[in-house]
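Per-entry structural report
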Amino acid sequence: VCIYIKFFANEKRVHINYFGTNEKYRGKGIGKELLELTEQFAKNNEVNKIDLNVEVNNYKAINFYRKNEFNDEGILMSKEILRGCREWSIKIFILK
């Protein structure tokens, strides 16, 4: 189980950059618990909004977020310019 969030204090916003659960752990409430912890963090820091991006064809994820009261707000569009570039990020792993 992994969640990586970005906290934008000046915007009062938390962005879930990555959220993943290994298939063998899905359906056990772990993802919901992580969202609740993220929401509690947001409330403790007076954040107005939690947002995220999800692939348009990732129906399981879309349904999961909708069940957890996330709303559809638009379509994110992108264009890949350089292929094979390295991407750096920090991820928080929570293991149970």
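Just so you know, these numbers come straight off a predicted model, no measurement behind them.

Per the stated rule, a full pass over the model turns up six salt bridges. The salt bridge involving lysine 32 is made with glutamate 36; its shortest N-O contact spans 3.8 Å. Within this pair, lysine 32 and its partner glutamate 36 are both found in helix α1 (residues 30-44), separated by four residues, close to a single helical turn. We note a salt bridge from lysine 43 to glutamate 39, for which the minimum N-O separation is 3.4 Å. Of this pair, lysine 43 and glutamate 39 both sit in helix α1, four residues apart, which is roughly one turn of that helix. Connected via shared salt-bridge partners are Glu11, Arg13 and Asp51.

With that settled, consider α1. With 15 residues, α1 should reach 21 Å at 1.5 Å per residue; the first-to-last C-alpha distance of 21 Å fits that figure. At its buried positions, α1 is contacted by β1 (2-8), β2 (13-20), β3 (49-52) and α2 (59-67). Looking at the residues trailing α1, positive phi occurs at glutamate 46, about 55°.

In this structure, β2 lies alongside β3, joined through four bridges in parallel fashion. Residue pairing in the sheet places valine 14 in a bridge with isoleucine 50 of β3. For the crossover from β2 across α1 to β3, the handedness is right-handed.

Reading the values: the criteria
- Residues numbered from 1 in each chain as written.
- Predicted model: local features only at pLDDT ≥ 70, side-chain atom pairs only at ≥ 80, totals over all residues.
- Heavy atoms only, no water.
- Salt bridge = Lys/Arg side-chain N within 4 Å of Asp/Glu carboxyl O.
- Helix = DSSP H or I, 4+ residues; strand = E, 2+ residues; numbered from the N terminus.
- Expected span 1.5 Å × (residues − 1).
- Contact = heavy atoms within 4.5 Å.
- Pairing = 2+ DSSP bridges.
- Right-handed = clockwise from strand over helix to strand, strands pointing away.

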